[in-house]
Every structure is written in C-alpha cells, then in structure tokens.
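Chain by chain, the residues:
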Number of protein chains: 2
Amino acid sequence: MRSHYCGDLRSEHIGEDVTLCGWVHRRRDHGGVIFLDLRDREGITQVVFDPDREDSFNLADSVRNEYVVEVRGTVRGRPEGTINKEMGTGEIEVLGKELVILNKSETPPFQLDEHQQVGEDVRLRHRYIDLRRPEIQRKLRFRSKITHNIRNYLEDNGFLDIETPILTRATPEGARDYLVPSRTHEGSFFALPQSPQLFKQLLMVSGFDRYYQIAKCFRDEDLRADRQPEFTQIDIETSFMDEEGIMGLTEGMIRRLFIELLDVDLGDFPRMPYSEAMHRYGSDKPDLRIPLELVDVADLLQDIEFKVFAGPAKDPKGRVAALKVPGGAELTRKIIDEYTSFVGIYGAKGLAWIKVNELEKGAEGLQSPIVKFLGEDVAMKVMERLEAKNGDIVFFGADKATIVNEALGALRIKVGEDMNLIEREWAPLWVVDFPMFEENSDGSLTALHHPFTSPSCSPEELIAEPEGKLSRAYDMVLNGTELGGGSIRIHDQTMQKAVFKVLGISDEEADEKFGFLLNALKHGAPPHGGLAFGLDRLVMLMTGSTSIREVIAFPKTQSAACLLTDAPGEVSAAQLRELNIKLRKTP
Amino acid sequence: MRSHYCGDLRSEHIGEDVTLCGWVHRRRDHGGVIFLDLRDREGITQVVFDPDREDSFNLADSVRNEYVVEVRGTVRGRPEGTINKEMGTGEIEVLGKELVILNKSETPPFQLDEHQQVGEDVRLRHRYIDLRRPEIQRKLRFRSKITHNIRNYLEDNGFLDIETPILTRATPEGARDYLVPSRTHEGSFFALPQSPQLFKQLLMVSGFDRYYQIAKCFRDEDLRADRQPEFTQIDIETSFMDEEGIMGLTEGMIRRLFIELLDVDLGDFPRMPYSEAMHRYGSDKPDLRIPLELVDVADLLQDIEFKVFAGPAKDPKGRVAALKVPGGAELTRKIIDEYTSFVGIYGAKGLAWIKVNELEKGAEGLQSPIVKFLGEDVAMKVMERLEAKNGDIVFFGADKATIVNEALGALRIKVGEDMNLIEREWAPLWVVDFPMFEENSDGSLTALHHPFTSPSCSPEELIAEPEGKLSRAYDMVLNGTELGGGSIRIHDQTMQKAVFKVLGISDEEADEKFGFLLNALKHGAPPHGGLAFGLDRLVMLMTGSTSIREVIAFPKTQSAACLLTDAPGEVSAAQLRELNIKLRKTP
C-alpha cells in the first residue's frame, strides 16, 4: 500500500509523489494548517494539510493520536528555519493531498513519550502500545540483526541448524523443571528442556559434526531481575575440536558481530584462570572495565590479636582481602554506611575501612576505626603492599573466602560505577581452568558445571584426589556478565564413570537419569565440546538495556506471569480430567 | 583435529598429507592389507594400512565397525581397476601412516545399511545410531539449508525475526492444548501455543510491519501418520499489504527456495477458487500432478428410478460425480474391490463403475453392474459428457457432497499413483476464495479458518446472510499437500463483532478468550495479514520423504512418546506437590 516508509524520506525525494502508511504520532494545528507527524517502524515524517484541500484538511483535523492513516502527497523541502537536523527526515515534509483513515484509536492508556510516568505493570498489560516506542522497536530490530548475523557466521562455518524437542525429559542442569502432563500416557509428564545439552551431545555421537540452534530453554526458578522463565540460548556443539578451536571459533563470532553491528573491534580476548579471577576480582565473571582489584593481606594480619581479621587469616577456607579505591577518602560516612549495608547482602558482617589522608605522617595520617586494632606497624605494611596514596580509601573483607569474594567483588563494581571509574566501554575475556567440583556444606562434591564436563586429568587421577582438579570448561565474559559458557564433554565411558563415582551417583541413578546418553557413549562417541550463549543477555549488553524485559517482545513478570494475556490462567475440569490430574487444593 | 572431511578428498589432493577423523564404516582384510572405510558427515574415504607399518597395521586390524578414529596419511590415486565412479572419493585412497583410536564402540544394535530389517521402534530407541545413516543426514542438512534460505529471503525483504512466548494462553486454533501447571500461581496453567497467531497480530498493532519466526507449535491431538505433537511453522505477518502482496511475496520465497536448492523453477502458481477445487478435484488441496477430474452428472441422473443416484442428485447437499480413468478398463475385479474398500474409509457406501469396452456398440459396449439401473440412454449421455473412450473406466460417487468429495478426491489420487498417471514432478497452486464459515451438524456456523480471518464482504452483508460468504484466506498447495495457509485478518472492531455474532460468541466469551487482542484492535490496529508454512511438510516434500519422522531429528511416536529418552516419564510426588496438582488415579 505504501510507496515509502515514513522514516526513509530524504531531500533526494523532493518533488516525488509518495504514499505513506502509519500512525499519527502527534497532530498539531498551527497557523491554520494541520501538521501530522506520521510514524512507522522506520521513523517519523511531518505531513502538512492546507485548508485549500478541504476534504483532506477536515479529515486531518479529525484524527487523533495513534489513528492509522494512509496519506498521498508530494515531498517538498521544509521552509528555511524549520529544518530539524535531529531527525533523519528533518529536511523535508510531505504536502498531504489525500488522507484515508484506515483505523481509529481510542485514547491510549499512556502516551508513548510519557511511558516513564506509568508503572511497568501498565505497560506490560498494554504491551502492544509499549512496543510502539522507538526505543523498544530499535532493540527488537537489533535482536533480529544479532541472530541473523550469528546464523550467517555459523552457516559460513559449516554448522547445521538442527531442532531438538521441547516436550522432553528432565535435563542435567538441576534447576526446577516445567512439567507437561501427558494425556496419552496417564500419570507421566514431559519436562520442558533447561537446555538442549543431552540432545546436542547425541547429535555429535550421530556424526553431525557441527550443530547450532537458537533454542528456547525453560527454568522454573524464582526470578531475579535479569531472569525469565523462558529464555533463548545460542547453542553450539562440535566434534573433533579442542577448547582452543571452540574458543577461537566462538570468539570470532562475537568479534565479527560487534564489528558488523556496532563498529566496535573487541580485539583478542584475554584469558584468565578461574583462580586468578577469584583472587583479583572476587568473581568468576570479572568486569575488567573497572581497574580496582582485591589484594590478599592475610599473611600480614594472621598474627594480630584482632580476631575479626586474624581468624579468617588463619582459616584455610578464610580470606582477608583489601580493595583500594583511589580518591575514595572523600567518601562520606553516609556513603560508607550504605556500602556496609550493601556488602551485608552478600553475608559480610561489616565493612572495615582506612582512609589515607597524609601518608607522610605514617599511621597518624590514616583515618580509620580499625587502625588501633591492627597496630600501626601492620597498618603501614598493608598500605605498602597496596601502594596506597593520599586520598585513597581501603576497604577490607575478612570472612569465609566465598563471602569475601562475593562481598568485595560486588563492592568493587558498585564503587567503580558510583565513582565513574569505568575505563573503557567493552572488556571481554575468557575465564578458564575452572575447578571440576565444588564442595557442598556436607563435604560432598557437586559438578561446578554439569557431570558431562570433561576433567583435564585422567580418570585415575580424578578418583585419587578429586579436590582441586580442573575441568575443560570455559566461560566468555563481557563487562562482568557471563555471555556464554561451555566445555569439552566427556566422550569416554571410563571417565564418565569416574565422575559419577566422585559425585556419589550410583550406576542405577545414572542409568535412570541419563541412560540414553550413557548408551550413546558406548557406541562410538567422538571427542566433542561446545558452548551456549545467553541471547537475551547478549542483546541487553549490545543495546545498553538495563532490564531483560526490554529485549523480549512479550516478557513475563518476576512472578512468571504475562500481564498482557493473563497467563497462566484457569482451565476447565474436563481438561484436567483428560490429563488424569486434579488440583491439590482449589485456589 | 582434522585437515579435511573424509568425503571432501578428490584426485586434486593426491600427494597431500592429511588428517581425517571419523567412524569406521567397514573394515576389510584383503590380500594382507587392511582397508578401513572411514565415514564422516561429508562422505566416506578408503584408508589402506600396509603391514610394513606394524603399529598402525595392528591397530587397524583391531578396530571394529563404528569405532571413532583419527588417521594421518597420504592421499594417493587408486590403482587402475579399483576406481569407484559411484563415490565422490572413488578415485583416491589414503595410505594410512598413523592411527589413533579415539573411542571404541560396542556392536551397534543394528548395522546402518540393514536399518530396514529392524523395526522403526528399535531405530527410534537408538536414534543416535539411526541418525548416522547418510540418507537421514542428508535430509536434516537439507532442512537446515531450507530454513537458512528462507531466513535470508525474509531478511532481504525487511522482515524481523521476533520470538513469541512458549508459555502462554490457549490460542484460537481450537485443537487440544498442552498445559503447563504454574508453581507460582497455584491452580493456574500455561498453554503451549498452537501457533503464534495472536502474538503476531499484536506485533502488527505495535507497528513492526513485517514479522517472521520459525516457531515451535504444539497440538495435543491423536496423531495421524504425518503429524507430530510439536511441529515447526514458518510464521509470517505483514501490515499494509493485501492478499496479492502477501501471496506474491511468499510465492517468491518458495520459488526461490526451489530454484536455489533443487534447481527447479516452479513458475507462476495458478490460482483456483475453493469451489472449483472441490468440484474438479473433491479437495481443497488438489494434487494437480494427476490429470484426473471429477465431473458432475447429477442433472443427468436426477430423474432415474435408481434411488442410490437419484436421491443425492436431487438433494441440495448431495453430489453425484464421476471420475473417468483412461486405461482403467483393464483393472481387475480384485483391484476394484480394493478401491471399494478404500472409498469406504471416507464414508462412501459403495463404488459404482462402468468399464468402457466398445463404445461404438453403444450401451452394449459398456460393462457394469449399474447400467441397467441407469438406463442405456442415460448411461450414454454420461459417457458423452465424460468424453469417454474405449479402455476407460468410470467410477461414481453419489452421497452427501462432503462424502463424495472426500471419497472420489482420495480415489483420484490413489488411482493416479497406482496407474502412474503423475504427469509432472511439481504442481503448486493457490487455493483462494474460501467460504468464511462451515456448517456444523446442528446448523450453527464455525469459522473455516479462525475467527480473526477477514471476510471479503462488509459487516452488514455478513450479518444479513453469512452462508456462502467468502473470506480473504489463501492456501498454498504443492502436490496435494497444504504447504501453508493464511489470510488477511480483521483489523476493524465492527467487523470482528459481526463475525463473533455470526459464530454465536457472546461479548463475555470473546472478552474472556481474546480480550487482549480485542483491546489491541481498539488502539490503532493497521490492516494486516500473513501466512504460516508447515516446515516439516515442506522438508518432507523437498526431500522426497514418506514420513515426517525422517525430517525431524528426535521425533515422537504416534502415541506421542520419545522412545530414545523415554519421555514422558514419572515425576516425584514432591514435584507435583510444588505444582499443587496430584494424579487422579495412580497409573
């Protein structure tokens, strides 16, 4: 119906007769002339209706915001002084000759440019209005570009797009499953997949060699701000390729994506062992844009009498670390109190600090509630190790290592953001050499990734001393966010049995849960590995979004509901009966 | 790890040192030399191990079928007389120098080239073996090519790939939903979508203008041979485009796909009104590769005394039609009996026939149990209308029109296939001008497509006389299969209310089921329409498959089970308790 998109008109079109279709973004009546700002997905064009064409003028006078109209007219240059350099179409306008109202609109529940004045609930309930906002349109278009770019890269590299089932069995990620009652198999349930993990491994056993899928995954978890019950994964798996090959290939994918879509060259991604990341940044996904680092000081503090520090310093599972913030001596007591509450979220019982006022005066020049407990000598040794300078503040964490890492790691990012210490826009890296296992509170071991991740030692070495053994896993991190994670998988039965043994998984349990994969490993499984990217997070980062709901067309709330469609909803008794289930209690 | 795929080696590689990875397809011991046929996804290469390299020779001697190995060696030309023109790699072989066994394999449950000797159950249970068959590999690779080609076409045409939810509400297709109990909203259920229909309409209301998605859809129906509980749809919707535009665009997509992937030019697709398709072919998805047609003969038969014909001929809802099959006079009594049973499946109470032996003798030359009931004169008039020739057979259907259409429509295809009457490989067409409604047995009306399909008349005309009104729907048909269907949707509230009124849907019911869409129509919905293709069927047709399970990596059985993973399965009582449901009866 249209000859051009509204947003595509430029001065090169002056003199052309055009037909536009779109929404009335704003209607103005100015100097006896009607101006309609006509909007479509490409942008806005100003259309002018003169009173000398009475029919269309009267019709234009009658339209309201968000009416859908078709306009025929002629492109002309805007008069001097009315050119709008901010708009792509700001040099031209369309002189409207014919106007057709294709559909009317009731007054919308909120105006597009006033979306911030209404709660997110209102916007989600009327998502079809909210989605008209140019910012959201831009983000979802960008998402479409991202997936297309990635698909092209993977196809160019010989990857096959293969669909795996949605109605399936529990997968090994260990989060809570969404279940689907089966009608034809009474009392049985499908699970929605938490990832295509097992299927992609089977595809390698089948010899597809290079698989990818942009796949929906499901986790029935209590939602944090950046989670959704259904999310999208860029899922990749290859055979006969080691970690170098897989990391190189996927790093190339992300690098090309940033160059082609953002004109940003991310360069080669540095690699950092997990242990270094935890030590220097208190995190396995460090945000390297922030130049602050954690420094261990336990050795300096283990012999002092102050138990708060000396205790964790002597505990093999404890950690005492310091975080030096240049310029932080200016922080007010109020802000320091806020930071103390902030680290409390992560379990820290307090936040010790030292302001470095006049280092040339020795310990006298340090302002702190804790110097007296450290002793002046020790305090100065700490300053020396930190290479502290006047105007710095030093924060301390002393507790179980996990708490110190989480608390100071989070504080590091918060302070970095608050004090504008972010040095560059993009900081990618690979975190490698993950531990194979982590310890549960009862001393038993769990797989840090999943039990199909390959250790980097032999089965015998693994069984002899599982603690401290590394896996062949790798995570891609960007700006403190885990973009993707993967590993070389176990393809050898002996190794798989060794891992199960360490995890205390019996043959029966393994067989019951993953029998089909174990069987596949017996029938010629090739060496293989892969990686899965979180698409939603990638889009968030690339579009500078602060909420995952901005990059998903129809998102759910934190209570896993869709306000637009009112899902989940009630169903009839007859439907439940067909599925052989009933409600435990009536809601 | 590899330098080349096995299947990629050609005589141009002679003299090169290569590294291959793959599966031992077959091991032969011939003249003191070991031959391994090494297979990967690109094909098979013959690798030769001489006894003079003892280590690798002995290792090669020890391998068995489906072992995974890495081979280093040198490409050389095959000796005269051993060249195999059938294979891409048939001019060369690799002289193996080093061999590494990457993984062993137990004896597989069936040999790849003996798959037809085992039941489909065995193959589905060991799908990772079955998927190694070159034929299935080829089909799934072709599927990946199809989706990539289609995505490129749609992206080139400005379509945005936008994901819609899987955890959602019941959609308007009316089949049985798969339900997902909500944990956070006790007693409530999500439904898995039967299509993204409502969401794609909302995206048009939001102004995305051109949307597509290759989307998983779900229907909990009793499965026919060519159905799966989850299937994949190529879903397309556009705004400000009429049926000509949409049909042109999607026809272009399929035409390009066939040219680029099969080197087949489908040409312009003919268009046929629904009524003509039913009359000439007894089907709304006629297979035009078969030159047989149904011919109405009711007017010739309505006055005869033979009630079997005269009854339906006089019934306004009846039909009496004839199907002439050239050369069919040769059909044996046994085959005709088979056809009689065959039409019985569709409700036909019998299958009358006339063999045309010697037309020059008049009715004397007709061989038939029914000529005596027709009368010779009438019988000859029928022959005249059919332009019958010696050697033909004419079959008759006389019943309710729906039964005659289904029975003779199906017989037409069966006879066409049995007698090799298929004239060309590909016969696409558009079926258009569908009725808006169909009549239920109680005389009430149902939407032939769905209630959001736009009628091709005004709301007033629709209400005044809904029977016989047409819709703006269109189906793309290829070789008797519906590849895709779509329509211009209703964007106008008054029209939507008129359709609901005709369907007897109250305002409350409409609001309860589709309130969010009706609300969206009030807020500036543009004219819009679209189409959805069944990807699985498209792949079936293009790969010449006879079962949908051949083009899906992990298909389900007709009882909607996955034999490989044993899904659906039992879940724990604790899981059900968390979801606030229990089993009605224990299985």
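Computed from a prediction, not measured in an experiment: that's the story for all the values here.

> Which parts of the structure should I look at to understand the overall build of chain A?
The number of helices and strands found in chain A is 18 helices and 23 strands. Expressed as lengths along the three principal axes of its C-alpha atoms, the size of chain A is roughly 95 × 75 × 55 Å. For chain A, with 587 residues in total, the buried portion stands at 58%. Look at the contacts in chain A between residues 6 or more apart in sequence, and 68% of them connect residues 24 or more apart. With the model as given, the accessible surface of chain A reaches about 24,000 Å², and the carbon-plus-sulfur share is 47%. Computed over 73 positive and 97 negative side-chain charges, the separation of the two mean positions in chain A equals 3 Å.

> In this structure, what is going on with the packing of aromatic side chains? I would like to understand it.
Geometrically, a pair of aromatic rings is defined through the distance of the ring centres and the angle of the planes. In this structure the tally under the stated criterion is 28 aromatic pairs over all chains. Ring geometry for A:Phe199 versus B:Phe554: centroids 4.7 Å apart, planes at 55°, classification tilted. Residue A:Phe199 is located in helix H5 (residues 197-205), and its partner B:Phe554 is located in the loop between helix H17 (535-543) and helix H18 (573-578); the two belong to separate chains. By relative accessible area, which is 3% here, A:Phe199 ends up buried. Note on A:Phe306 and A:Phe309: the rings are 5.4 Å apart at their centroids and 65° apart in plane angle, and the pair reads as edge-to-face. Side by side, A:Phe306 and A:Phe309 carry an identical accessibility label, which is buried. Taken together, A:Phe306, A:Phe309, A:Phe373 and A:Phe396 form an aromatic cluster joined through their ring pairs. A cation over an aromatic ring shows up here: B:Lys355 above the ring of B:Trp353, its NZ or CZ 5.7 Å from the ring centre. Taking NZ or CZ as reference, B:Lys414 lies 5.4 Å from the ring centre of B:Phe342, over its face.

> How should I be thinking about the side chain of B:Thr45 in this particular structure?
All names here are of chain B. Within the fold, threonine 45 resides in strand E3 (residues 43-49). On the basis of relative accessible area, threonine 45 is assigned to the buried category, the value being 0%. A polar contact of 2.6 Å, which involves the side chain of threonine 45, links it to the backbone oxygen of cysteine 6. In contact with threonine 45, other than residues within four places in its own chain, are Cys6, Leu9, Leu20, Leu36, Asp37, Leu38, Thr89, Ile92 and Val94.

> Even after reading the chapter, I still don't get the relation of the copies chain B and chain A, so can you show me in this structure?
Here two copies of a chain appear, and what relates them is a rotation about an axis with a shift along it. Least-squares fitting of chain B to chain A yields an RMSD of 0.1 Å, with the superposition described by an axial translation of 0.0 Å and a rotation of 180°. Overall, the copies show the geometry of a two-fold rotation axis. Among all residues of chain B, the one whose C-alpha sits closest to the rotation axis is B:Val180, at a distance of 2.5 Å. Most of the interface of chain B is mirrored in chain A: 100% of its interface residues are interface residues there too.

> Can you help me understand the UniProt feature "binding site: ATP" (unreviewed entry) in chain A in this one?
All names here are of chain A. According to UniProt, the feature "binding site: ATP" (unreviewed entry) maps to Arg219, Asp220, Glu221, Gln228, Glu482, Gly534, Leu535, Asp536 and Arg537 in the numbering used here. The subset of these annotated residues that lines the largest cavity comprises Leu535. On the secondary structure map, aspartate 536 appears in helix H17 (residues 535-543). With relative accessibility at 3%, the residue aspartate 536 sits in the buried group. Not counting chain neighbours up to four residues away, the residues in contact with aspartate 536 comprise Arg143, Phe231, Thr232, Ile548, Val551 and Ile552.

> Please clarify how the sheet that holds strand E21 (residues 481-488) of chain A should be interpreted in this entry.
Neighbouring strands of a sheet are bound in pairs by backbone hydrogen bonds; such pairs are parallel or else antiparallel. Residue and element names in this part refer to chain A. Across the sheet, which stays open at both edges, the 8 strands sit in the order E6-E9-E10-E22-E21-E20-E17-E11 with mixed pairing between neighbours. Edge positions in the open sheet fall to strand E6 (160-161) and strand E11 (271-273), since each of these has one partner strand only. Bridge count for strand E9 (residues 210-218) against strand E10 (residues 230-239) is 9 bridges, and the pairing is antiparallel. Residue pairing in the sheet places alanine 215 in a bridge with glutamine 233 of E10. Contacting E9, E10, E11, strand E17 (428-432), strand E20 (473-478), E21 and strand E22 (528-534), helix H6 (residues 243-262) crosses the sheet at an angle of about 15° to E20.

> It is not clear to me how the interface of chain B and chain A should be interpreted in this structure. Could you clarify?
Interface size, as often reported, equals the accessible area lost upon joining of the parts. At the interface, 117 residues of chain B touch 118 residues of chain A. Carbon and sulfur atoms supply 57% of the area that chain B and chain A bury against each other, a total of about 10,700 Å² over both sides. Sorting the residues of chain B by area buried against chain A places B:Phe240, B:His523 and B:Arg584 first, and these three jointly supply 8% of that buried surface. Across the chain B-chain A interface, the total number found is 12 salt bridges. A salt bridge links B:Arg2 to A:Asp209; the shortest N-O distance between them is 2.6 Å. For the interface between chain B and chain A, the tally reads 65 residue pairs in polar contact (both at pLDDT 80 or more). Per-element accounting of the side of chain B that touches chain A gives the leading share, 10 residues, to helix H4 (residues 134-156) of chain B.

> Just checking my understanding: could you explain empty space enclosed by the protein for this structure?
A probe matching the size of a water molecule, rolled over the atoms, marks out where space remains unfilled. Applying the stated criterion to the full structure yields 6 cavities of 30 Å³ or more. Along its surface, the largest cavity is lined by 37 residues, and A:Ile214, A:Ala215, A:Lys216, B:Ile214 and B:Ala215 are the ones closest to its centre. Among the secondary structure elements, those contributing two or more residues to the lining of the largest cavity are helix H4 (134-156) and E9 of chain A together with H4 and strand E9 (210-218) of chain B. In terms of residues, the lining of the largest cavity owes the most to one element, E9(B), which gives 5 residues. Grouping the constituent residues of the lining of the largest cavity by class yields 17 nonpolar, 10 polar and 10 charged.

> What should I look at first to understand a negative patch on the surface in this one?
Taken together, the side chains of A:Asp507, A:Glu508, A:Asp511, A:Glu512, B:Asp566 and B:Glu570 define an acidic patch exposed on the protein surface. Here A:Asp507 lies in helix H16 (residues 507-521). By relative accessible area, A:Asp507 is classed as exposed at 61%.

> Can you walk me through the packing of helix H15 (residues 493-503) of chain A against H16(A) in this structure?
How two helices sit against one another is set out by the angle between their axes and by the gap between those axes. Residues and elements named next belong to chain A. Closest axis-to-axis distance for the H15/H16 pair is 11 Å, and the angle between their directions is 160°. When the axes of H15 and H16 are compared, the pair comes out roughly antiparallel. Note that H15 runs across H16; the crossing there is right-handed. In this structure, H15 uses Gln493, Gln496 and Phe500 to contact H16, whose residues at the interface are Ala510, Phe514, Leu518 and Leu521. Split into classes, the residues belonging to the contact of H15 with H16 amount to 5 nonpolar, 2 polar and no charged.

> Would you mind showing me how to read the nonpolar core here?
Side chains that are nonpolar tend, in soluble globular proteins, to be buried together. Formed by 108 residues in total, the largest nonpolar core has its most connected members in A:Leu192, A:Leu202, A:Leu203, B:Leu192, B:Leu202 and B:Leu203. For A:Leu202, the contacting residues outside a window of four places in its chain are A:Phe516, A:Leu517, A:Ala520, B:Tyr128, B:Phe554 and B:Leu564.

> Even after reading the chapter, I still don't get the environment of A:Asp399, so can you show me in this structure?
Residue and element names in this part refer to chain A. Looking at where aspartate 399 falls in the secondary structure, it is placed in strand E16 (residues 393-400). Residue classification places aspartate 399 among the buried positions, given a relative accessible area of 11%. Sequence separation between aspartate 399 and glycine 350 is 49 residues; the distance between their C-alpha atoms is 9.9 Å. Residue contacts for aspartate 399: discarding those within four places in its chain leaves Pro312, Gly318, Arg319, Gly347, Lys349 and Val404. In this structure the side chain of aspartate 399 is engaged in a polar contact, spanning 3.0 Å, whose partner is the side chain of lysine 349.

> I keep staring at H4(A) and nothing clicks. Help me out?
Since the α-helix advances by 3.6 residues per turn, residues separated by three or four positions end up pointing in the same direction. Taking 1.5 Å as the rise per residue, H4(A) with 23 residues should run 33 Å; its terminal C-alpha atoms sit 32 Å apart, in good agreement. One or two positions beyond H4(A), positive phi appears at A:Gly158, with a value near 85°.

> What is the right way to read the sheet that holds strand E4 (residues 68-77) of chain B from this model?
All names here are of chain B. If you trace the 5 strands once around the closed barrel, you get E1-E2-E3-E5-E4, paired in mixed fashion. Adjacent strand axes in the sheet meet at a mean angle of 55°, parallel and antiparallel pairs treated alike. Strand direction decides the pairing type here: strand E1 (residues 17-30) and strand E2 (residues 33-40), joined by 7 bridges, are antiparallel. Bridging from a neighbouring strand, valine 24 pairs with leucine 38 of E2.

> What's the story with the pairing of strand E10 (residues 230-239) of chain B in this structure? I'm lost.
The two faces of a sheet get side chains in turn, since along a regular strand they alternate between them. Counting buried residues in E10(B) gives 10 out of 10 residues, a clear majority hidden from the surface. What you see with E10(B) is no split at all: B:Glu230, B:Thr232, B:Ile234, B:Ile236 and B:Thr238 on one side and B:Phe231, B:Gln233, B:Asp235, B:Glu237 and B:Ser239 on the other are buried throughout.

> Please clarify how the environment of A:Gly375 should be interpreted in this entry.
All names here are of chain A. Position of glycine 375 relative to the elements: it lies in the loop between helix H11 (371-374) and helix H12 (376-386). Using a relative accessible area of 26% as the deciding quantity, one classes glycine 375 as partly exposed. For the pair glycine 375 and proline 451, spaced 76 residues apart in sequence, the C-alpha separation works out to 48 Å.

> Is there a simple way to think about the side chain of A:Asn479 in this case?
Residue and element names in this part refer to chain A. With respect to the element layout, asparagine 479 can be found in the loop between E20 and E21. A polar side-chain atom of asparagine 479 sits 3.1 Å from the main-chain carbonyl oxygen of glutamate 425. A polar atom in the side chain of asparagine 479 sits 2.8 Å from the backbone nitrogen of alanine 427. Sequence-distant contacts of asparagine 479, that is, excluding residues within four places in its chain, are made with Asp287, Arg289, Glu425, Trp426, Ala427 and Leu541.

What counts as what
- Residues numbered from 1 in each chain as written.
- Chains lettered and ligands numbered in written order.
- Predicted model: local features only at pLDDT ≥ 70, side-chain atom pairs only at ≥ 80, totals over all residues.
- Heavy atoms only, no water.
- Helix = DSSP H or I, 4+ residues; strand = E, 2+ residues; numbered from the N terminus.
- Buried < 20%, exposed > 50% of the residue type's maximum accessible area, 1.4 Å probe, protein only.
- Contact = heavy atoms within 4.5 Å.
- Areas by Shrake-Rupley, 256 points an atom, 1.4 Å probe, with all protein chains shown as cover.
- Lys, Arg positive; Asp, Glu negative; His and termini not counted.
- Charge placed at Lys NZ, Arg CZ, Asp CG, Glu CD.
- Phe/Tyr/Trp six-rings, centres within 6.5 Å; stacked < 30°, edge-to-face > 60°.
- Lys NZ or Arg CZ within 6 Å of the ring centre and 35° of its normal.
- Polar contact = N/O pair within 3.5 Å; in protein donor to acceptor, adjacent residues only side chain to side chain.
- Least-squares fit on C-alpha atoms with pLDDT ≥ 70 in both.
- UniProt positions renumbered as here; feature names shortened; annotations may be inferred.
- 1 Å grid on protein atoms, 1.4 Å probe; cavity = no way out; pocket = protein on both sides within 12 Å on 5 of 7 lines; lining within 4 Å.
- Pairing = 2+ DSSP bridges.
- Axes fitted to C-alpha atoms, helices over the stretch in contact; angles between N-to-C directions.
- Buried area = accessible area lost by both parts, 1.4 Å probe.
- Salt bridge = Lys/Arg side-chain N within 4 Å of Asp/Glu carboxyl O.
- Points joined across faces, edges and corners; volume = space filled by probe spheres on them.
- Nonpolar A, V, L, I, M, F, W, Y, C, P; charged D, E, K, R; others polar.
- Patch = residues over 30% accessible without salt bridge, like charges linked within 9 Å, V, L, I, M, F, W, Y side chains within 5 Å.
- Parallel < 35°, antiparallel > 145°, perpendicular 65-115°, else oblique.
- Left-handed = near helix turned anticlockwise from the far one by under 90°.
- Core = buried A, V, L, I, M, F, W, Y, C linked by side-chain atoms within 4.5 Å.
- Expected span 1.5 Å × (residues − 1).

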